[in-house]
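Geometric and topological summary
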Amino acid sequence: QNISTDATETVIKGLTAYTTYTVIIRAFTIGFGNFSLPADGSTDEGFPSAPQQLRVQSADATTVTLEWDPPVDHRGVIVNYVIHYQSMKKYVDTGGVQRQETIDEEIFTNKPTTSFTVPDLAADFTFNFTVLAVTGRGRG
């Protein structure tokens, strides 16, 4: 990318997160001057894209082991994953009153592993699971 400016400093926009770039500068007055020595710089971490191919590896009445593929665009170092799960169960209690019980929880993996066993799930519920990747910048 070529940038023309008469300033002694400029901001280069449209860069990709967590990427190293090399910059070379040369002056122009009547004609072009010599190129500067290359200078390397890196952009900060960004938010990762979503993990791919979430699947159930195994399950029983109160646990489920999930597996997934890492995000296509890490945009940094993946430090862990967040497993979000939720369920809603409607039922009629013994007095004939319609009730609703909701479960909405998150678990953090301790490391950037791509499988995790979610323990202590309530039996007789159907759960929806979502997995988010986390970099030093935050959740994707």
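Because the structure is predicted, anything quoted here is derived from the model rather than measured.

Per the secondary structure count, the protein chain includes zero helices and 11 strands. When the helices and strands of the protein chain are placed in sequence order, the string is β-β-β-β-β-β-β-β-β-β-β. Whereas a compact globule of 140 residues would reach a radius of gyration of roughly 14 Å, the protein chain reaches 25 Å, over 25% beyond that. Taking the principal axes of its C-alpha atoms as reference, the protein chain extends roughly 90 × 30 × 20 Å. Expressed as a percentage of contacts within the protein chain between residues at least 6 apart in sequence, the contacts between residues at least 24 apart total 58%. A total accessible area of about 10,100 Å² is found for the protein chain, and carbon and sulfur atoms account for 49% of it. A distance of 4 Å separates the average location of the 10 positive side-chain charges in the protein chain from that of its 16 negative side-chain charges.

Our next topic: the layout of surface pockets. Looking at the largest pocket, its volume works out to about 890 Å³. Taken together, the elements giving at least two residues each to the lining of the largest pocket come down to strand S1 (20-23), strand S2 (26-28) and strand S3 (32-35). Classifying every residue of the lining of the largest pocket by side-chain character gives 12 nonpolar, eight polar and two charged.

Rules of the game
- Residues numbered from 1 in each chain as written.
- Predicted model: local features only at pLDDT ≥ 70, side-chain atom pairs only at ≥ 80, totals over all residues.
- Heavy atoms only, no water.
- Helix = DSSP H or I, 4+ residues; strand = E, 2+ residues; numbered from the N terminus.
- Rg over C-alpha atoms; globule rule 2.2 N^0.38 Å.
- Contact = heavy atoms within 4.5 Å.
- Areas by Shrake-Rupley, 256 points an atom, 1.4 Å probe, with all protein chains shown as cover.
- Lys, Arg positive; Asp, Glu negative; His and termini not counted.
- Charge placed at Lys NZ, Arg CZ, Asp CG, Glu CD.
- 1 Å grid on protein atoms, 1.4 Å probe; cavity = no way out; pocket = protein on both sides within 12 Å on 5 of 7 lines; lining within 4 Å.
- Points joined across faces, edges and corners; volume = space filled by probe spheres on them.
- Nonpolar A, V, L, I, M, F, W, Y, C, P; charged D, E, K, R; others polar.

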